[in-house]
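# Commentary on secondary and tertiary structure
Take a look at the letters that make up each chain.
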Amino acid sequence: MELILLGPPGSGKGTQAARLAGELHIVHVSTGDLFRRHLKEGTALGQLARRYMDEGTLVPDDVTEAMVKERLTARDAQRGYILDGFPRNLAQAEHFQGFLYEVGRALSAVIYLAVPHDVLVERLTGRRVCPGCGANYHVRFHPPQRAGVCDVCQTPLVQRPDDREETVLTRLQVYDRETAPLIDFYRRLHLVREFDGQAPVEVVTAAILESLGARHD
Ligand code: AMP
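Below, the structure is looked at part by part.

Let's shift gears to the sheet that holds strand E3 (residues 81–84). Here five strands make up an open sheet; going across it, the order is E2-E3-E1-E4-E7 and the pairing parallel. The open sheet has two edge strands with one neighbour each: strand E2 (27–30) and strand E7 (192–196). Ignoring strand direction, the axes of neighbouring strands in this sheet form an average angle of 20°. Of the strand pairs in this sheet, E2 and E3 are connected by four bridges, and their pairing is parallel.

Let's shift gears to the nonpolar core. Among the nonpolar cores identified, the biggest contains 33 residues, and Leu72, Tyr81, Leu83, Phe96, Leu107 and Tyr186 are the most heavily contacted of them. Other than its neighbours up to four places away in sequence, Tyr81 contacts Met1, Glu2, Leu3, Ile26, Val27, Val29, Leu72, Phe96, Phe99 and Leu100. Leu5, Ala21, Leu209 and Leu212 belong to the second-largest nonpolar core, a separate cluster that totals 16 residues.

The next thing to look at is the side chain of Gln16. Topologically, Gln16 is positioned in helix H1 (residues 13–24). For Gln16, a relative accessible area of 4% corresponds to the buried category. Setting aside chain neighbours within four positions, we find Gln16 in contact with Leu5, Leu113, Val201, Val204, Thr205 and Ile208.

Scanning the entire structure with this criterion turns up 11 salt bridges. In this structure, Glu122 and Arg140 form a salt bridge, with 2.3 Å as the shortest nitrogen-oxygen distance. Residue Glu122 is found in helix H6 (residues 117–125), and its partner Arg140 is found in the loop between strand E6 (136–138) and helix H7 (165–179); the two are separated by 18 residues along the sequence. In this structure, Glu194 and Arg187 form a salt bridge, with 2.9 Å as the shortest nitrogen-oxygen distance.

We now examine the site of the ligand. Surveying the vicinity of the ligand reveals 17 residues, the closest of which are Thr31, Arg36, Thr57, Gly85 and Gln92. Between Arg160 and the ligand, the recorded distance is 3.2 Å, taken from a side-chain N or O atom to an oxygen atom. The protein chains hide 96% of the 480 Å² of surface that the ligand would expose on its own. If you list the elements that add at least two residues to the shell around the ligand, you get helix H2 (31–41) and helix H3 (44–55). Per element, the largest residue contribution to the shell around the ligand is four residues, and it comes from H2. When the residues that make up the shell around the ligand are grouped by side-chain class, the tally is six nonpolar, six polar and five charged.

Enumeration according to the criterion identifies three aromatic pairs in this entry. Note on Phe86 and Phe96: the rings are 5.8 Å apart at their centroids and 90° apart in plane angle, and the pair reads as edge-to-face. Of this pair, Phe86 sits in the loop between E3 and helix H5 (90–103) while Phe96 sits in helix H5, and the two are 10 residues apart along the sequence. The pair Phe86 / Phe96 is uniform in exposure class, with both members buried. Seen from their ring centres, Phe96 and Phe99 are 5.9 Å apart, and the 15° between their planes marks the pair as stacked. Here Phe96 and its partner Phe99 are both found in helix H5, three residues apart, which amounts to about one turn of the helix. Grouped by ring-pair contacts, the aromatic residues Phe86, Phe96 and Phe99 constitute a single cluster. The ring of Tyr52 carries Arg51 above its face, with NZ or CZ at 4.5 Å from the centroid.

This brings us to the packing of H6 against H7. Contact geometry of H6 with H7 gives a least axis separation of 10 Å together with a crossing angle of 135°. Compared by their axis directions, H6 and H7 come out oblique. Considering only the axes of H6 and H7, their crossing is right-handed. Each of His117, Leu120, Val121, Leu124 and Thr125 in H6 lies in contact with H7, whose residues at this interface are Glu165, Val168, Leu169, Arg171, Leu172 and Asp176. In terms of residue class, the contact of H6 with H7 is built from six nonpolar, two polar and three charged.

Criteria and cut-off values
- Residues numbered from 1 in each chain as written.
- Predicted model: local features only at pLDDT ≥ 70, side-chain atom pairs only at ≥ 80, totals over all residues.
- Heavy atoms only, no water.
- Pairing = 2+ DSSP bridges.
- Helix = DSSP H or I, 4+ residues; strand = E, 2+ residues; numbered from the N terminus.
- Axes fitted to C-alpha atoms, helices over the stretch in contact; angles between N-to-C directions.
- Core = buried A, V, L, I, M, F, W, Y, C linked by side-chain atoms within 4.5 Å.
- Buried < 20%, exposed > 50% of the residue type's maximum accessible area, 1.4 Å probe, protein only.
- Contact = heavy atoms within 4.5 Å.
- Salt bridge = Lys/Arg side-chain N within 4 Å of Asp/Glu carboxyl O.
- Near = heavy atom within 4 Å.
- Polar contact = N/O pair within 3.5 Å; in protein donor to acceptor, adjacent residues only side chain to side chain.
- Areas by Shrake-Rupley, 256 points an atom, 1.4 Å probe, with all protein chains shown as cover.
- Nonpolar A, V, L, I, M, F, W, Y, C, P; charged D, E, K, R; others polar.
- Phe/Tyr/Trp six-rings, centres within 6.5 Å; stacked < 30°, edge-to-face > 60°.
- Lys NZ or Arg CZ within 6 Å of the ring centre and 35° of its normal.
- Parallel < 35°, antiparallel > 145°, perpendicular 65-115°, else oblique.
- Left-handed = near helix turned anticlockwise from the far one by under 90°.

Now the structure itself:
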């Protein structure tokens, strides 16, 4: 199964992608996470991506596409994958259609999580992540048991640099300009299934699984 998860930053893509990947036994491929790993490991790709990530703009297409291609041709992705954060503009979407054609695969569906902008700003600026295990929290909507500390591994939580308000506003503008047109691109291919990203996490997951014809245990 080949899935794309589309939606603005803060719509819950990462959370839903991780849950769906677990339920469907496919890999979760987040380009944001791949870039952050390169950044942490100090690779040449990480050095290159840093400037764009810090300002909330897109890393150049050729760099991103090469990284995605490498990830999707790995053995563990052959059963299927859910893409989170890619494609992010029309050029990437068209390039990706070419890749699918080359490898003889087709997209199963494009899952679109709709959330209004005012809600997104609050969700993103309040988000906190655990640098230890990657767990996500929110200062208001999903606080840890002990303020500022991860429930799972007790590591102090941090705010992603690009979740600061100024950068969040840039990211939302980039989404409107570059990524939102993909909804129509995939609608023309009859692939889009839209869900209310403001519903509770479990409700959204269950609705997506049902629409994909997958049972929710
Ligand atoms: P995310 O975690 O998906 O919000 O991504 C964090 C940052 O990584 C973005 O603001 C971009 O700078 C970069 N990034 C992630 N995915 C892409 C992509 N498909 N194309 C270009 N840049 C990306």
